[in-house]
Amino acid sequence: MISVNQARQFIRDHSPTPVITESATGTALGKVLAAPVYAPFDLPHFRQSAMDGYAIRHGRENYVVKGESKAGDNCTLKLAEGEACRIFTGAMVPENADTVVIQEHTTVSGQNLILHKIPRAGANIRAIGEQIRKGSPVLQKGTKLNSAGIGMLAGFGIEKVEVFAVPRIGIIATGSELLSPSDKPEPGKIYDSNTLMLKTALIENGCPGVNIYRAKDEKTHTEHIIKQALQENDILLISGGISVGEYDFVQGALRANRVKEIFYKVNHKPGKPLWFGKKDRKTVFALPGNPASVLTCFYIYVLPELRRQRGITEPENKWYRARTKSKILNPKEKTMFLRAYIENGIAEIPDGQSSAMLHGFITANAIAMIPENTSVLHENQSIEYMLMEYN
Ligand SMILES: Nc1nc2c(c(=O)[nH]1)N[C@H]1C(S)=C(S)[C@@H](COP(=O)(O)OP(=O)(O)OC[C@H]3O[C@@H](n4cnc5c(N)ncnc54)[C@H](O)[C@@H]3O)O[C@H]1N2
Ligand code: MOO
């Protein structure tokens, strides 16, 4: 059986090069720029007042107010010596004005303006190009767009950007025992939780384009659903049916669909019968059906691959170290992944770590890892963990 690191390396080695596409700026949240964006003009591109007040030629205490410049006006006024212009925040500063005095520091009577506090020369004027110069990079290639990035692009009137395509992901839930929420409970059946859980994890991690399929534990039906899902998606996440029982049809169905097996079974817990394969550019993860196995394998193996395909520059999970709150045993010489709660450098491992139990994940903020060659960690020993955060 291969190790965790070998499995991760296989996935990296078979990752397709990310696809470049165009995205509307307004829908580019979480997408990664595939090319730098250069400023098409200076920002600001005209001298702007930073305050409500009066634009002046610095050096006097008394002025005559000659005109007004409000936000949006194309101000054509030229100030002569001793003249001032009423001005508002964001408005164009008239030619020859070099300073804006805030209105709180003035007294006005008719057209006469008296300053009772003299600003420093140049005060309250945003210079041309002060934020960004025309032609300089606004956003670098590899930037993951957040609200500020999108705001910056919008500030330049940029409507479309070149980004790495976000993969379309198909989730196939296999199992004749699965019920939908609208179904009545029945003996022997369970409600499908993996589908919605995976879909939510994908949305949390920047992949909202999800198609959902359900396959019964039947050979031809499983083959048919996999065929359809392969046509409609870039990545398949299959839940269940990958173990060794007579009703586990996933492996055979993938073979029948000419998906090449890259590895099957990893020396870790939970999720031992994890299967990974490839067909042309498409990657397939068959995740062992126990809910905690599904979610653990998602974080450890699927998530870095999603980031890679989305063009994120550092796609691997980041591992940190904390101290164990209490003793943890790992008797089976497997890498053990544990739902963990990390606070102030202390790792607490909640009860209920069975593959079938999900509740430990709800309050966990991390997955802790004990290597296969470590059979015990005593209290206050160092343990590695990755944070489960939104990306
Ligand atoms: N003889 C052996 N039996 C098993 C082995 C083994 O090595 N030899 N491995 C065990 C391990 S480890 C795991 S993990 C499971 C994985 O099995 P499958 O991937 O075939 O998953 P299923 O049997 O279909 O389901 C396992 C479990 O999870 C429940 N399940 C499945 N889908 C869903 C869903 N969408 N929502 C909620 N729960 C789901 C399912 O009902 C089962 O209880 O195999 C062991 N067996
Ligand atoms: O690997 Mo399975 O997830 O132990 O039950």
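Before any of the text, the structure's been laid out above.
Just so we're clear, the structure is a prediction, and the values are computed from it rather than from any experiment.

K.L.:
Report on the pattern of salt bridges, specifying residues and quantitative values.
P.N.:
Any two side chains of opposite charge can pair, on the condition that their charged atoms come close. The final tally for this structure, using the stated rule, is 13 salt bridges. Among the salt bridges present, the one from Arg57 reaches Glu81, with a minimum N-O distance of 3.9 Å. Of this pair, Arg57 sits in the loop between strand S4 (53-56) and strand S5 (62-69) while Glu81 sits in the loop between S5 and strand S6 (83-87); the two residues are 24 residues apart in sequence, bridging distant segments of the chain. Looking at Arg57, the relative accessible area reads 25%, which means it is partly exposed. According to the relative accessible area criterion, Glu81 is exposed, its value standing at 53%.

K.L.:
Quick one: what's the story with the site of ligand 2, residue by residue and with numbers?
P.N.:
By nearness alone, every residue bordering ligand 2 is listed as Lys269, Pro270, Gly271, Lys272, Asn290, Ser293 and Ser355. Within the contact set of ligand 2, an oxygen atom lies 2.8 Å away from a side-chain nitrogen or oxygen of Lys269. The separation between an oxygen atom of ligand 2 and a polar side-chain atom of Asn290 is 3.1 Å. Residue classes in the shell around ligand 2 are distributed as one nonpolar, four polar and two charged.

K.L.:
Which residues make up helix H1 (residues 4-13), and what values go with them?
P.N.:
For H1, every residue scored as buried is listed here: Val4, Ala7, Arg8 and Ile11. Seen end-on, H1 carries its buried residues on one side only, within an arc spanning 100°. Those residues of H1 that are exposed and aimed more than 90 degrees away from the buried face are Asn5 and Asp13.

K.L.:
Explain the site of ligand 1 to me, using residue names and the numbers behind them.
P.N.:
Near ligand 1 lie 22 residues; those nearest to it are Glu177, Asp192, Ser193, Ser243 and Lys272. Measuring from a nitrogen atom of ligand 1, one finds a backbone N or O atom of Ser193 at 3.0 Å. At 2.9 Å, a backbone N or O of Ser243 approaches an oxygen atom of ligand 1. Isolated, ligand 1 exposes 880 Å² of accessible area, and the fraction of that covered by the protein chains is 69%.

K.L.:
How would you explain helix H4 (residues 219-232) if you had to name every residue and give the values?
P.N.:
In this model, H4 (14 residues) spans 20 Å end to end at C-alpha, consistent with the 20 Å of a helix rising 1.5 Å per residue. Within the sequence span of H4, burial applies to Thr222, Ile225, Ile226, Ala229 and Leu230. For H4, the angular spread of buried residues about the axis comes to 135°, placing them on one side. Facing away from the buried side of H4 by more than 90 degrees, the exposed set consists of Thr220 and Gln231. Looking at the packing, one finds that the buried side of H4 touches strand S13 (169-174), strand S16 (210-215), strand S17 (235-239), helix H5 (250-256), strand S20 (275-279) and strand S21 (282-287).

K.L.:
Lay out the packing of H1 against helix H6 (residues 291-309) in plain terms, naming residues and giving numbers.
P.N.:
Two elements in contact, H1 and H6, have axes separated by 10 Å at closest approach and are oriented at 25°. Put simply, H1 runs roughly parallel to H6. For the pair H1 and H6, the sense of crossing is right-handed. Mapping the contact onto sequence places Val4, Ala7, Arg8, Ile11 and Arg12 in H1 and Ile300, Tyr301, Glu305 and Arg308 in H6. Among the residues making up the contact of H1 with H6, the classes are represented as five nonpolar, no polar and four charged.

K.L.:
Quick rundown of the environment of Ile125? Include the residues and the values.
P.N.:
Here Ile125 shows up in strand S10 (residues 125-126). Taking the C-alpha atoms as reference points, Ile125 and Asp98, separated by 27 residues in sequence, lie 7.7 Å from one another. If near-sequence neighbours (up to four positions away) are discounted, Ile125 is found in contact with Arg47, Gln48, Val93, Asp98, Thr99, Val100 and Glu130.

Conventions and cut-offs
Residues numbered from 1 in each chain as written. Chains lettered and ligands numbered in written order. Predicted model: local features only at pLDDT ≥ 70, side-chain atom pairs only at ≥ 80, totals over all residues. Heavy atoms only, no water. Salt bridge = Lys/Arg side-chain N within 4 Å of Asp/Glu carboxyl O. Helix = DSSP H or I, 4+ residues; strand = E, 2+ residues; numbered from the N terminus. Buried < 20%, exposed > 50% of the residue type's maximum accessible area, 1.4 Å probe, protein only. Near = heavy atom within 4 Å. Polar contact = N/O pair within 3.5 Å; in protein donor to acceptor, adjacent residues only side chain to side chain. Nonpolar A, V, L, I, M, F, W, Y, C, P; charged D, E, K, R; others polar. Arc of directions from axis to C-beta. Areas by Shrake-Rupley, 256 points an atom, 1.4 Å probe, with all protein chains shown as cover. Expected span 1.5 Å × (residues − 1). Contact = heavy atoms within 4.5 Å. Axes fitted to C-alpha atoms, helices over the stretch in contact; angles between N-to-C directions. Parallel < 35°, antiparallel > 145°, perpendicular 65-115°, else oblique. Left-handed = near helix turned anticlockwise from the far one by under 90°.

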